[in-house]
Amino acid sequence: ITVVDARDEARWKHLDFESRAEVDAASPAWDLGLLRFNIATRVEVAPLEGADFDAISVAPASGYVGDGDDADPMDMETMPGYAFDLWYAYDMTTHVLTARDVLYVVRSAEGNYFKVQLLDYYDDAGTAGYVALRWAPVSAPL
């Protein structure tokens, strides 16, 4: 599990799956950018609703979208157009974000495939902006 401190409202954090590290925004290798609850990508992502993380070992052959491919933004999107838009459910009463049951397969900047599951948006103390995700490599489509 990786936890990204994405609390800063002005500075994106960029992850590169191959190096398993945070990288500079200028790096051509970054795969995901995180800013609070927004997740940007410069790669393609296949959302798989209800998929079991442990059951996915091969990337799907189709269904990939990139940022900006969403021609019909959903309600509640504050920055529509991200492939990871609304990875969470928002409770209007409690103002709490809860990760949706969606597994994402990412084709990285280097052409490799990774499965990504968003788990949480809060740290153990309940502070918002700590995005927890688990991820692992998967085989290329058959």
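Residues numbered from 1 in each chain as written. Predicted model: local features only at pLDDT ≥ 70, side-chain atom pairs only at ≥ 80, totals over all residues. Heavy atoms only, no water.

Hey, could you run me through the nonpolar core in this one?
Considering soluble globular proteins, one finds that nonpolar side chains tend to be buried as a cluster. Core analysis: the biggest nonpolar cluster contains 26 residues, and L34, F84, Y104, V116 and L118 have the highest contact counts within it. If one sorts the elements of this core by residue count, strand 10 (residues 113–122) sits on top with 5 residues. For Y104, the residues in contact, after removing those within four places along its chain, are V45, A46, P47, A83, F84, W87, F114, K115, V116 and L118. Grouped together as the second largest cluster of nonpolar side chains are 11 residues, I56, A59, Y64 and L103 included. (Core = buried A, V, L, I, M, F, W, Y, C linked by side-chain atoms within 4.5 Å. Buried < 20%, exposed > 50% of the residue type's maximum accessible area, 1.4 Å probe, protein only. Helix = DSSP H or I, 4+ residues; strand = E, 2+ residues; numbered from the N terminus. Contact = heavy atoms within 4.5 Å.)

Even after reading the chapter, I still don't get the sheet that holds strand 11 (residues 128–138), so can you show me in this structure?
Note on sheets: strands pair through backbone hydrogen bonds, and any given pair is parallel or antiparallel. Here we have 5 strands laid out as an open sheet, ordered 1-11-10-9-6, and antiparallel in their pairing. Only two strands of the sheet have a single neighbouring strand rather than two, namely strand 1 (2–5) and strand 6 (44–49). Each adjacent strand pair in this sheet contributes to an overall mean axis angle of 30 degrees, direction not counted. Relative to strand 9 (residues 102–107), strand 6 runs antiparallel, the two being bridged by 6 bridges. Its bridge partner lying in strand 9, V45 is registered against V106. (Pairing = 2+ DSSP bridges. Axes fitted to C-alpha atoms, helices over the stretch in contact; angles between N-to-C directions.)

I keep staring at the packing of aromatic side chains and nothing clicks. Help me out?
Given two aromatic rings, one states the distance between the centres and the angle between the planes to describe the pair. For the structure shown, the criterion picks out 11 aromatic pairs. Consider the rings of W87 and Y88, whose centres lie 5.4 Å apart with planes at 85 degrees: the pair is edge-to-face. Judged by its relative accessible area of 2%, W87 is buried. Residue class for Y88 comes out buried when judged on its relative accessible area of 7%. Between the aromatic rings of Y121 and Y122, the centroid separation amounts to 5.2 Å while the plane-to-plane angle is 80 degrees, which identifies the pairing as edge-to-face. (Phe/Tyr/Trp six-rings, centres within 6.5 Å; stacked < 30°, edge-to-face > 60°.)

Would you mind showing me how to read the side chain of S27 here?
Mapping S27 onto the fold places it in the loop between strand 3 (21–23) and strand 4 (32–35). On the basis of relative accessible area, S27 is assigned to the buried category, the value being 17%. There is a polar contact of 3.0 Å between the side chain of S27 and the backbone nitrogen of A29. (Polar contact = N/O pair within 3.5 Å; in protein donor to acceptor, adjacent residues only side chain to side chain.)

Quick question: what am I supposed to make of the sheet that holds strand 5 (residues 38–41) here?
In spatial order, the strands read 3-2-4-5; together these 4 strands make up an open sheet with antiparallel pairing. The sheet is open, and its two borders are formed by strand 3 and strand 5, each paired with just one other strand. Averaged over all pairs of adjacent strands, the angle between their axes in this sheet comes to 35 degrees, without regard to strand direction. As judged from the 3 bridges shared by strand 2 (residues 13–16) and strand 4, these two strands associate in the antiparallel manner. Paired with L15 across the bridge in strand 4 is L32.

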